[in-house]
Amino acid sequence: MTLKIHAALTGAAACCFAFAAQAADLPRRAPPPPLPPSLPVFTWTGFYAGVNAGYAFRTGSSGFTDPTYGAVTGGGRGGGFAGGGQIGYNYQFTPGSGFVVGFETDLQGTAFAKADAAYLGTTPYYSVRPSLDYFGTVRGRLGYAIDRVLIYGTGGFAYGGGTRSTYAGSYPYTLPATDRTGYAAGGGIEYAFTEKLSAKVEALYLHLGRGSSAATYYNASVPAYYGAGKQESGFALVRAGVNYRF
C-alpha cells in the first residue's frame, strides 16, 4: 500500500515538472507597442522675413486750370513693376486654428511708367511732380488661421519719395516735396508649405497725397508753372511674396 502511494506521488510530481517545462517553452506574450508621439500643432507665431514682387498702377488722373486757356486734363495714370522685401512678426492666440495679430514693414523699389504730360490741344504741359522711385509701409495685421492657411487684413502708415522731373528747373515756383506720406490698406492670403516657408498673395491701396496733392505743370512755350489743380496720389499694388519663418 505504501509503495502504491509513493508511486502515485512520484508520477504526479513528474507530470507537474513536465507541464512546467512545456509551459516554459511556450512563446512569451509581447507587451503592446507604445502609442506614436502626437505631431506638434502648427502655429503662425514668430518672426519672419521675405521678398516680394508685383505690379503697381495709379488709380486716377490729374488736371489743372491754365489762367489763359482754362481747364487742362491729362496724364496721371501709369504703373509698373514694384519689388522689395518685408519683415514682420505674428502671434497666434490658439495654435491650429484661431486669430492671428502682427505687424509688418516693407520697402519697395518701383519702375513706374512715366505718364507726366497733359495737353490742351497740341500744347503739352509737363508735370514737375517728383517721380515715385520707392515707397514703404509700416502696417498692422489681423487675420484668422485655419491650420496652415492665413487670411488677413492689413493697414497703416505709408511713405515714398523720388527724384524731381527734368522740367523742374530754376523758375521761382514752390514745387511739390520729393518725400510723401500717407496710408496703406488691404488684405491677403498666406499658405505655409513647411514649418519655415510660406507664400502669400496680397493687394494694397496706398495714398501718398499728404503735402503733395497740387498738380504742378510746366508750359515750355511760355515758360511758366501752373499749379491750380488736383493730382491723384493714390495707387493700387498687387504682389506675391515668400516668407521664411524663424
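Right above here is the structure, for reference.
These lines cover the structure that appears in this document, whether it is placed above or below. Model, not experiment: these values are computed from the prediction. (Residues numbered from 1 in each chain as written. Predicted model: local features only at pLDDT ≥ 70, side-chain atom pairs only at ≥ 80, totals over all residues. Heavy atoms only, no water.)

### Things to note about the environment of Tyr159
- Note that Tyr159 resides in strand E9 (residues 149-161).
- Judged by relative accessible area, Tyr159 falls into the partly exposed class, the value being 24%.
- The spacing of Tyr159 and Gly182 is 23 residues in sequence and 6.1 Å in space, taken between C-alpha atoms.
- Setting aside chain neighbours within four positions, we find Tyr159 in contact with Asp106, Leu107, Tyr134, Phe135, Gly136, Thr137, Arg180, Thr181 and Leu208. (Helix = DSSP H or I, 4+ residues; strand = E, 2+ residues; numbered from the N terminus. Buried < 20%, exposed > 50% of the residue type's maximum accessible area, 1.4 Å probe, protein only. Contact = heavy atoms within 4.5 Å.)

### A word on the packing of aromatic side chains
- Applying the stated criterion to the full structure yields 10 aromatic pairs.
- Note on Tyr91 and Phe93: the rings are 5.3 Å apart at their centroids and 90° apart in plane angle, and the pair reads as edge-to-face.
- On the basis of relative accessible area, Tyr91 is assigned to the partly exposed category, the value being 38%.
- Their ring planes at 70° and their centres at 5.3 Å tell us that Phe135 and Phe235 sit as a pair that is edge-to-face. Taken together, the residues Phe135 in strand E8 (residues 134-146) and Phe235 in strand E15 (residues 234-245) connect sequence positions 100 residues apart. (Phe/Tyr/Trp six-rings, centres within 6.5 Å; stacked < 30°, edge-to-face > 60°.)

### Concerning the pairing of strand E4 (residues 79-92)
- For strand E1 (residues 46-58) and E4, the ladder comprises 12 bridges, and the chain directions are antiparallel. Across the sheet, the residue bridging to Ala49 is Ile87, located in E4.
- Both E4 and strand E5 (residues 97-112) contribute to a ladder of 13 bridges, which runs antiparallel. Across the sheet, the residue bridging to Phe81 is Ala111, located in E5. (Pairing = 2+ DSSP bridges.)

### A closer look at a nonpolar patch on the surface
- Residues Phe47, Val51, Phe103, Leu197, Val242, Tyr244 and Phe246 make up a contiguous nonpolar surface patch of about 710 Å² in total accessible area.
- Secondary-structure elements contributing two or more residues to the nonpolar patch are E1 and E15.
- By the secondary structure assignment, Phe246 is in the segment after E15.
- Overall, Phe246 belongs to the exposed group, its relative accessible area being 61%. (Patch = residues over 30% accessible without salt bridge, like charges linked within 9 Å, V, L, I, M, F, W, Y side chains within 5 Å. Areas by Shrake-Rupley, 256 points an atom, 1.4 Å probe, with all protein chains shown as cover. Salt bridge = Lys/Arg side-chain N within 4 Å of Asp/Glu carboxyl O.)

### Let's talk about the nonpolar core
- Of all hydrophobic cores here, the largest spans 12 residues; its members are Ala56, Ala82, Phe112, Leu132, Phe135, Ala158, Ala184, Leu204, Leu206, Leu208, Phe235 and Leu237.
- Of all the secondary-structure elements, those providing two or more residues to this core are strand E11 (197-210) and E15.
- Per-element tally for this core: the top contributor is E11, with three residues.
- Not counting residues within four places of it along the chain, the set of residues in contact with Leu132 comprises Arg58, Thr110, Phe112, Gly160, Gly161, Arg180, Leu208 and Phe235.
- By size, the runner-up hydrophobic cluster in this structure holds seven residues, among which are Phe42, Val100, Ala145 and Ala192. (Core = buried A, V, L, I, M, F, W, Y, C linked by side-chain atoms within 4.5 Å.)

### A word on the environment of Arg58
- Mapped onto the elements, Arg58 comes out in strand E1.
- Judged by its relative accessible area of 19%, Arg58 is buried.

### Digging into unusual backbone geometry
- Notably, Asp147 is not glycine yet its phi reads approximately 60°, a positive angle.
- Within the fold, Asp147 resides in the loop between E8 and E9.

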